[in-house]
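Residues per chain, in single letters:
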Amino acid sequence: QSPAPLRELRLSGCPSLGPPLWPSAPLSLEVLDLSGGETPFSHLLPPGPPASPPVRLPALRLLLLADCRLTDADARPISHLCPRLEALDLSGNPLLSDAAVLPLAALRRTLRSLALERLPLVTAHALAALRALPLQTLDL
């Protein structure tokens, strides 16, 4: 009997983890909490085959990346890698700017909760672009 698929992975506060976190992305993963860690989200995903985009997390619904020292380059691919994301916390990553927030508009069918607290480089321009999202909660 095979083990039940991994649905939640909570590594909040873990020190730096070496890439990739797993040999192949668990396609069943619904919750990923890396908040307070030192390893950028994009560094934890295994690369796809040569000349292809990184492996996606198609079932991921909750992604917690607060206080992870993210840069725009780390956050920019989130909407592509996690197309069914319903809740996202990017709070406390002061290097994030509009360039990280604007691509989140692609989640206009799914994203319900977004936390962008303590992001001094995010402007009203980026927030206006998020109006199309079906947000029920927006924390600034």
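Please refer to the structure placed before this passage.
Computed from a predicted model, the values in this text were never measured in an experiment.

On to the overall build of the protein. Looking only at helices and strands, the protein has five helices and six strands in total. The linear arrangement of helices and strands in the protein, starting from the amino end, is β-β-α-β-α-α-β-α-β-α-β. Sorting the 140 residues of the protein into buried and exposed places 44% on the buried side. Counted over contacts in the protein with a minimum sequence separation of 6, partners at least 24 positions apart contribute 65%.

This part covers the nonpolar core. Side chains that are nonpolar tend, in soluble globular proteins, to be buried together. Grouped together as the largest cluster of nonpolar side chains are 31 residues, with contacts concentrated most on Leu63, Leu85, Leu88 and Leu90. Counting only elements with at least two residues in this core, the list comes to helix 3 (78-81) and helix 4 (98-101).

Moving on: the environment of Cys82. Within the secondary structure layout, Cys82 lies in the loop between helix 3 and strand 4 (87-89). Remark: the alpha-carbon pair of Cys82 and Glu30, spanning 52 residues in sequence, is separated by 9.9 Å.

Glancing now at the pattern of salt bridges. Enumeration over the complete set of coordinates arrives at four salt bridges. Glu86 is the partner of Arg61 in a salt bridge, and the nearest nitrogen-oxygen pair spans 3.6 Å. Residue Arg61 is found in the loop between helix 1 (41-44) and strand 3 (62-64), and its partner Glu86 is found in the loop between helix 3 and strand 4; the two are separated by 25 residues along the sequence. Glu86 gets classed as partly exposed once you look at its relative accessible area, which sits at 34%. For the salt bridge of Asp67 with Arg118, the shortest nitrogen-to-oxygen distance reads 3.0 Å. One end of the pair, Asp67, is in the loop between strand 3 and helix 2 (72-75); the other, Arg118, is in the loop between strand 5 (113-115) and helix 5 (124-129), and 51 residues separate them in sequence. Using a relative accessible area of 38% as the deciding quantity, one classes Asp67 as partly exposed.

Reading across from one edge, 1-2-3-4-5-6 is the order of the six strands in this open sheet, with parallel pairing throughout. Edge positions in the open sheet fall to strand 1 (8-10) and strand 6 (137-139), since each of these has one partner strand only. Pairwise comparison of adjacent strand axes, ignoring direction, gives a mean angle of 5° for this sheet. When strand 2 (residues 31-33) meets strand 3, the two strands line up parallel, connected through three bridges. For Asp33, the partnering residue across the bridge sits in strand 3 and is Leu64.

Reading the values: the criteria
- Residues numbered from 1 in each chain as written.
- Predicted model: local features only at pLDDT ≥ 70, side-chain atom pairs only at ≥ 80, totals over all residues.
- Heavy atoms only, no water.
- Helix = DSSP H or I, 4+ residues; strand = E, 2+ residues; numbered from the N terminus.
- Buried < 20%, exposed > 50% of the residue type's maximum accessible area, 1.4 Å probe, protein only.
- Contact = heavy atoms within 4.5 Å.
- Core = buried A, V, L, I, M, F, W, Y, C linked by side-chain atoms within 4.5 Å.
- Salt bridge = Lys/Arg side-chain N within 4 Å of Asp/Glu carboxyl O.
- Pairing = 2+ DSSP bridges.
- Axes fitted to C-alpha atoms, helices over the stretch in contact; angles between N-to-C directions.

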